[in-house]
Amino acid sequence: MDATGFNRRIFSKAALAVAALAAGPSLQAQPRLEKTRLSVAVTGRSAFHFLPLTIAEQLGYFKVQGLELEFGDFAPGSADVVAGFYEQTISLQSRGQSYQCFVLQGRSPAIAMGISHKTLPHYRSLLDLRGKNIGISAPGSLSHRVASAVLKRADLKDEDVNFVSVGRAGGALTALHSGQLDAIASSEPVMTTLEQKGEIRIIADTRTLRGTLDLYGGPMPSACLYAATEFVEKHRNTVQALTTALVHSLKWLQTAGPGDIIKTVPEAYLLGDRALYLAAFNKLRESISPDGLMPDEGPQTVMKALASFDASIKSEKIQLARTYSNDFAKKVKDSFTARSSIF
C-alpha cells in the first residue's frame, strides 16, 4: 500500500472514531432493544410541533439507535408510540387508560391568537369578542383550547362566541382574509403569514415562554412522545433509544442555523416558501424543549387548564405522576453538545 492509501485508511478510521464519540451513548455498549421495529402514530407530521421528530428521522438518529420506525395515522391504540400532546395522557387516564409521556418535544403549545384588522379595526378588549366569529382548526383541538383559555381571562365562555372550524394552512388563511372571521387561534405558519401581511393583531402568544406564562400562569408542556404505560415498562431499552434519538435532535435544534434547517427538513414541509418557513420557525423556536424533560410545574398547569376546558375531567381523580416520566431524558440530557450532531 502506498503512502496515500495508508493515509486515507488512517483518516477513515479517525473519522469513524469521531462520529462514534459524537453519537454519545448511542454507540457505547447499547443495551439490547426489546423491539426494533415500531409504529408511531402521528397526525399532521409536517407540523412544527413535531419538528424534533422530523429532524431525528432525517439525520438518522433513530437508525443510529437501532430503530426502524413506521409513521402513520394509525387507529387509536394500534400504534406502539404516539407523537401527540402531553395533555392527551391525562384525558386518556380519565377514561381509564394508562399512558405515559417519556420525552417532550415542545415546552409550550406554540399557538397564537390574533384579532382581524379587517373586521375588528377598533378592538379594545376581549369583551369586544362577544358574539364574534373565532377561527380554530377543529372543535376540541389545541387551538380551540388556547382560544378558550384566552376568553376566560375576560370571564367569557365558549358559548359567548362563535367558534368556526377552518382547519389549518390554506383554509384558515382564506377564512380570515375573506372577512369570515373576527379572530383566529392557529399554529405556524398561519400566524406568521397573517402577521407579515398585516392582517392581524396578536393578543395571546404561546409560541414564547413569556406568553405562555401570561396565559396559563406556569409552564404548559405540549408535544411529546407517549405510549401505553405497560409498553414503557416492558420496553425500557427501546423507549430509552427513542428518547436518546429525540434528545439528540433537540440539542441539534438549539443552535441550528437557517441553512441547517433548510437542508434537513423535507422540501414538501417548506410549503413552497423557505423564507416564510424560517420566519415561522424563529417565532416559535423558544417553544421547543431543550432537553426533553418535563418541567416540575408543567403537569399541574396542564391539568388545571384541561379541567377548566373539559368538565368531565376531575383533577382529584387523576394521578399526574403516572402520566409522565423524566427517567429516560435525564439519562441523556448532558450526553450531546449542541453541535455534536453534525459529523
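Caption draft 1: A look at the sheet that holds strand 3 (residues 81-85). Across the sheet, 5 strands lie side by side as 2-1-3-10-4; this open sheet has mixed pairing. Of all the strands in the sheet, just strand 2 (68-72) and strand 4 (99-104) have a single pairing partner and so form its edges. Strand-to-strand twist across the sheet, computed as the mean angle between neighbouring axes with direction ignored, equals 30°. Here strand 3 pairs with strand 10 (residues 223-228) via 4 bridges, running antiparallel.

Caption draft 2: Structural view of the packing of aromatic side chains. For the structure on display, the rule yields 5 aromatic pairs. Their ring planes at 85° and their centres at 6.5 Å tell us that Tyr-86 and Tyr-324 sit as a pair that is edge-to-face. With Tyr-86 in the loop between strand 3 and helix 4 (87-94) and Tyr-324 in the loop between helix 13 (298-309) and helix 14 (327-332), the pair connects residues that are 238 residues apart, well separated along the chain. By relative accessible area, Tyr-324 is classed as partly exposed at 23%. When the centroid spacing of 6.4 Å and the interplanar angle of 75° are considered together, the rings of Phe-102 and Phe-328 count as edge-to-face. Of this pair, Phe-102 sits in strand 4 while Phe-328 sits in helix 14, placing them 226 residues apart in sequence. Exposure remark for Phe-102: the relative accessible area of 0% places this residue in the buried category. A residue is classified by how much of its surface remains accessible, and Phe-328, at 2% relative accessible area, is buried.

Caption draft 3: Seen up close, the pattern of salt bridges. Following the criterion strictly, the structure yields 12 salt bridges and no others. Notably, a salt bridge pairs Glu-188 with Arg-207, separated by 2.5 Å at the nearest N-O pair. Pair noted here: Glu-188 is in the loop between strand 8 (183-186) and helix 7 (190-196) and Arg-207 is in the loop between strand 9 (200-205) and helix 8 (209-216), with a separation of 19 residues, a long-range link. Take Glu-188 and Arg-207: they sit in the same class, and that class is buried. For the salt bridge of Arg-274 with Glu-267, the shortest nitrogen-to-oxygen distance reads 3.0 Å. Classification of Arg-274 by relative accessible area gives partly exposed; the value is 43%. Here Glu-267 falls in the partly exposed class, since its relative accessible area comes to 48%. Overlapping salt bridges bring together Glu-188, Glu-195, Asp-205, Arg-207 and Lys-283 as one network.

Caption draft 4: Inspection of the nonpolar core at higher detail. With 92 residues, the main nonpolar core has Ile-90, Phe-102, Met-113, Leu-129 and Ile-261 as its most contacted residues. Of all the elements, helix 10 (residues 236-255) adds the most residues to this core, at 9 residues. Setting aside residues no more than four positions away along its own chain, Met-113 makes contact with Leu-129, Ile-134, Ala-147, Val-150, Ala-183, Ile-184, Ala-185, Met-191, Arg-201, Ile-202, Ile-203 and Ala-204. Grouped together as the second largest cluster of nonpolar side chains are 11 residues, Ala-112, Leu-176, Leu-181 and Val-190 included.

Caption draft 5: Layout of the packing of helix 5 (residues 142-152) against helix 13. Contact pair helix 5 / helix 13: the axes reach a minimum separation of 10 Å and the direction vectors enclose 85°. The angle between helix 5 and helix 13 falls in the class roughly perpendicular. Facing His-144, Arg-145, Ser-148 and Lys-152 of helix 5, the residues of helix 13 in contact are Leu-306, Ser-308 and Phe-309. Looking at the contact of helix 5 with helix 13 residue by residue, the classes come out as 2 nonpolar, 3 polar and 2 charged.

Cut-offs used in this document
- Residues numbered from 1 in each chain as written.
- Predicted model: local features only at pLDDT ≥ 70, side-chain atom pairs only at ≥ 80, totals over all residues.
- Heavy atoms only, no water.
- Pairing = 2+ DSSP bridges.
- Helix = DSSP H or I, 4+ residues; strand = E, 2+ residues; numbered from the N terminus.
- Axes fitted to C-alpha atoms, helices over the stretch in contact; angles between N-to-C directions.
- Phe/Tyr/Trp six-rings, centres within 6.5 Å; stacked < 30°, edge-to-face > 60°.
- Buried < 20%, exposed > 50% of the residue type's maximum accessible area, 1.4 Å probe, protein only.
- Salt bridge = Lys/Arg side-chain N within 4 Å of Asp/Glu carboxyl O.
- Core = buried A, V, L, I, M, F, W, Y, C linked by side-chain atoms within 4.5 Å.
- Contact = heavy atoms within 4.5 Å.
- Parallel < 35°, antiparallel > 145°, perpendicular 65-115°, else oblique.
- Nonpolar A, V, L, I, M, F, W, Y, C, P; charged D, E, K, R; others polar.

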